[in-house]
Structure formats: structure tokens, C-alpha cells
Amino acid sequence: MIERPPAPSTEPATLRRTPAAVFGGAREFHFEPQHFDLIAGLLYQLAGIALAPHKAEMVYARLARRLRELRLPDFDAYCALLQSDGAAEEIGFLVNALTTNLTSFYRESHHFDFLASNVLPEVRDLNAGRSKPRLRLWSAGCSSGPEPYSMAMVLVSAMGPELRRWDARILATDIDTHMVDTARRGIYPLPGATGIPAPIRQRFTTDTRLDGEPAVAMGEELKRLVTVKPLNLLEHWPMSGPFDAIFCRNVLIYFDRRGRMQVIENFARMLRHGGYLFLGHSESLYGVSNLFRQAGPTIYRRD
Ligand SMILES: C[S@@+](CC[C@H](N)C(=O)[O-])C[C@H]1O[C@@H](n2cnc3c(N)ncnc32)[C@H](O)[C@@H]1O
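From a predicted model like this one, the values you see are computed outputs, not experimental measurements.

## Remarks on the site of the ligand
No. 1: Ala 47, Thr 103, Gly 141, Asp 174 and Asn 250 are the nearest of the 21 residues found near the ligand.
No. 2: A distance of 2.8 Å separates an oxygen atom of the ligand from a polar atom in the side chain of Asn 250.
No. 3: Computed on the free molecule, the ligand has an accessible area of 610 Å², of which 99% lies beneath the protein chains in the complex.
No. 4: When the residues that make up the shell around the ligand are grouped by side-chain class, the tally is eight nonpolar, eight polar and five charged.

Okay, here's the thing in C-alpha cells:
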């Protein structure tokens, strides 16, 4: 028997699926479903990030801090600011505040093994006979930078002195300008650097301090390879490629199907034939694109 679909509710989605305690006037700032809807709508429009209603608590927590800083009385005033003529700067802040930037060095380490054992030897073969072999890697949605610096560590370790005669570059981009600044600086608190294997850390980083705490600084050899730029994956991409490999891990998970398809189609355009796309552990191209073939767990090859 075919079950009849439930009758559509007339209640807004946010009210149906969000714990009631998030909304209302019982907290420091009055927060209502219409505030969440406006903020979520803006984030979707600007960054392609689809915020599910259960993220209302996170939105409140991250923006309450901002309301205090701006000395605004409530979310009505904050939403009015976001809709005003001079909103550009605040909208940039909103995007920075609501992106999820979790990352680490050598995260999903099998991708870095694959880079060293499959991608680099292939690129070396492709470039055989060239006086200035060319290699282009891209970390799209690089967060604060551990991903592109891990790629650089692999590159220098695997290629050795040969790399000096290569035209090799790693592009690292993110929509969050605060993350772009952090990635450019390349200094990380020591606990965050524990994922770097000890001999690699000794070779490529120096000990330093950040806000008075022990930290590691990426060495010049790595920084020379990595160029960090702000880029919204849903807007125009100024670079021309072609790339040998693109890491876009744990980014598409925040987009809806339309956003994912748009970005993947553009990645296909940016990759050389036979180039690789690396996705995050819970992401897949299944039902999103047929321009790629699976080459390993969450690793895809451009046909
Ligand atoms: C969870 S982090 C992933 C970082 C890294 N790729 C990793 O796997 O460790 C997701 C990153 O995607 C970025 N991001 C989200 N939407 C974006 C967009 N539309 N364009 C570019 N970057 C975006 C966020 O700012 C965030 O830094």
C-alpha cells in the first residue's frame, strides 16, 4: 500500500524543527524564527551554505557576541543593519562568523599518501622531457591553512631537491577572510600542530609563540609554495588552471545539491583530464556528476 504523504504544515520550517528554547525573549537578546530565516537566507545567497533549522542555537551563540560588540539592543536592530545600505562590511563579518572552519594537519591522511604515491609520480611522467615541469594543486576551502601546508610538506618531502627546478604552486582559497589572514600568517598553536609527523615538523617548521602560547611557524620553503587568496566558490573564479589535483574537503557538505553541482561542474572544468578531486570523508559525487571516476575512497579522477 502506498502511504499518503503527510499534509504540508502551515507552520514555518524553523518552528517545526527547532528546539523552542532557542527562540523567544528569555535570553539576553530576543531571537525569533524570522531573524534566523533572514540570516540563514543571506548566508545561503552569499556563500551557498544551507543552514538547517537546528543550527539556530549556533547562529544565536555566534552572533550574540557580535551584538554585544556593536552594542545593539536586539536581533531586530542587527537584521536592520544587515539590510541597510552600508551593510557590506557587516555581511562579510556574518559570513566569517557562521562558517565552520574545523581543520587539522594531515586530516584524512590517506589523501596525502595518495598524493605522494599516485598524483606526484603521474605528474612527473606527464612532464618528462620538459625543462620546467609544471604542477598545480588547489586547496579549495582551505580554512586556516593546515590543509595546503600539509600538501606542501608532502610535495617537498616526496620530490626532494628536484622540486627546485619545477614550476610548482599550491593555491589555497577560502571565503572566510579571517581564515585567509591566518593561513597567510602560517603560525599555529602547538596543540593544533600535533598531527604533523615529528620528523616533518622538525624539518619544515620553527617553534615560536602565538598570543604568549607555544606555537609552530611554517617555514619559508612551504610558504613559498602556497599562495592564499579569498575566494567564494559560488562566484567567479579568476584563475585559469588546469590543476593536477583539487582538495575540496568538508566544504560541499554545507551546500545544497544545486550549489554542489555548480561547484563540481566548475572543478571538472578546472582539472586537466586525469586530474584528481579529493572530497571529505562524508562527501561523494554519487548523483552529482558523471564526469569523474572513483580512484579511491573519496578520491575522484576527471575523465
Ligand atoms: C570545515 S572547513 C574544511 C577545511 C579543510 N578543507 C579541511 O577539510 O580540513 C570548511 C571551509 O569551507 C569554507 N567555505 C564555506 N563556504 C564557502 C564558499 N562558498 N566558498 C569558499 N569557501 C567556503 C569555510 O569558510 C571553511 O573554512
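## Points about the pairing of strand β1 (residues 134–140)
Within a regular strand, side chains alternate between the sheet's two faces.
No. 1: Among the seven residues of β1, six are classified as buried, and the element is accordingly described as predominantly covered.
No. 2: Bridge count between β1 and strand β2 (residues 167–174): seven bridges; the pairing is parallel. Within the sheet, the bridge partner assigned to Leu 137 lies in β2 and is Ile 170.
No. 3: Taken together, β1, helix α7 (residues 146–159) and β2 constitute a β-α-β crossover, and its handedness is right-handed.

## Describing helix α8 (residues 177–185)
No. 1: The complete set of buried residues in α8 reads Met 179, Val 180, Thr 182 and Ala 183. In a view along the axis of α8, the buried residues occupy a sector of 165 degrees, so they form one face of it.
No. 2: Here the buried face of α8 lies against α7, β2, β3 (187–189) and β6 (226–230).
No. 3: Positioned one or two residues after α8, Gly 186 has a phi angle of 65 degrees, which is positive.

## Digging into unusual backbone geometry
No. 1: Cis geometry is found at the peptide bond from Gly 241 to Pro 242, where omega equals -5 degrees.
No. 2: A positive phi is found at Arg 71, a non-glycine position, where the angle reads about 55 degrees.
No. 3: Within the fold, Arg 71 resides in the loop between α3 (56–70) and α4 (75–82).
No. 4: A relative accessible area of 76% places Arg 71 in the exposed class.
No. 5: For Ser 143, which is not a glycine, the phi torsion comes out positive at approximately 55 degrees.

## Examining the pairing of strand β10 (residues 299–302)
No. 1: Bridge analysis of strand β8 (residues 271–279) against β10 gives three bridges, and the strand direction is antiparallel. Counted as the bridge partner of Leu 277 is Tyr 300 from β10.
No. 2: With four bridges joining them, strand β9 (residues 292–296) and β10 adopt antiparallel strand pairing. Each bridged residue has a counterpart across the sheet, and for Phe 292 the counterpart in β10 is Arg 302.
No. 3: Between β9 and the antiparallel strand that follows it, β10, lie two residues; Thr 298 among them carries a positive phi value of about 55 degrees.

## Some words on the sheet that holds β10
No. 1: An order of β6-β2-β1-β7-β8-β10-β9 is seen for the seven strands of this open sheet, with the pairing classed as mixed. Of all strands in the sheet, those with a lone pairing partner are β6 and β9, marking the two edges. For this sheet the average axis-to-axis angle between neighbouring strands, irrespective of direction, equals 20 degrees.
No. 2: Its contacts with the sheet put helix α6 (residues 110–126) on β1, β7 (243–248), β8, β9 and β10, and the angle it makes with β8 is roughly 170 degrees.
No. 3: Strand contacts of helix α11 (residues 257–270): β1, β7, β8, β9 and β10, with the helix running at about 140 degrees to β8, the strand carrying the most contacts.

## Considering the domain arrangement of the chain
Reports often express the size of an interface as the amount of accessible area lost when the parts come together.
No. 1: Its domain assignment divides the chain into domain 1 (13–98) and domain 2 (109–302).
No. 2: Computed over C-alpha atoms, the centres of domain 1 and domain 2 are 32 Å apart.
No. 3: Contacts between the two partners involve eight residues from domain 1, matched on the other side by ten residues from domain 2.
No. 4: Both faces combined, the contact of domain 1 with domain 2 buries some 760 Å², and carbon together with sulfur accounts for 46% of it.
No. 5: Joining domain 1 to domain 2, the criterion identifies zero salt bridges.
No. 6: Taken together, domain 1 and domain 2 are joined by five residue pairs in polar contact (both at pLDDT 80 or more).
No. 7: Secondary structure elements with two or more residues in the side of domain 1 that touches domain 2: α2 (33–47) and α5 (88–98).
No. 8: Ranked by the residues each element gives to the side of domain 1 that touches domain 2, the list is headed by α2, at three residues.
No. 9: For the side of domain 1 that touches domain 2, the class distribution of residues is six nonpolar, two polar and no charged.

## Observations regarding the sheet that holds strand β5 (residues 213–218)
No. 1: Spatially, three strands are ordered β3-β5-β4 in an open sheet, and the strand pairing comes out antiparallel. Only two strands of the sheet have a single neighbouring strand rather than two, namely β3 and β4 (205–210). Here the strands of the sheet are splayed against their neighbours by 35 degrees on average, with no regard to which way each runs.
No. 2: Judged from the six bridges that link them, β4 and β5 form a sheet pairing that is antiparallel. In the strand pairing of β5, Arg 209 is matched with Pro 214.

Cut-offs and rules
- Residues numbered from 1 in each chain as written.
- Predicted model: local features only at pLDDT ≥ 70, side-chain atom pairs only at ≥ 80, totals over all residues.
- Heavy atoms only, no water.
- Near = heavy atom within 4 Å.
- Polar contact = N/O pair within 3.5 Å; in protein donor to acceptor, adjacent residues only side chain to side chain.
- Areas by Shrake-Rupley, 256 points an atom, 1.4 Å probe, with all protein chains shown as cover.
- Nonpolar A, V, L, I, M, F, W, Y, C, P; charged D, E, K, R; others polar.
- Buried < 20%, exposed > 50% of the residue type's maximum accessible area, 1.4 Å probe, protein only.
- Helix = DSSP H or I, 4+ residues; strand = E, 2+ residues; numbered from the N terminus.
- Pairing = 2+ DSSP bridges.
- Right-handed = clockwise from strand over helix to strand, strands pointing away.
- Arc of directions from axis to C-beta.
- Contact = heavy atoms within 4.5 Å.
- Axes fitted to C-alpha atoms, helices over the stretch in contact; angles between N-to-C directions.
- Domains from an automatic or database assignment.
- Buried area = accessible area lost by both parts, 1.4 Å probe.
- Salt bridge = Lys/Arg side-chain N within 4 Å of Asp/Glu carboxyl O.

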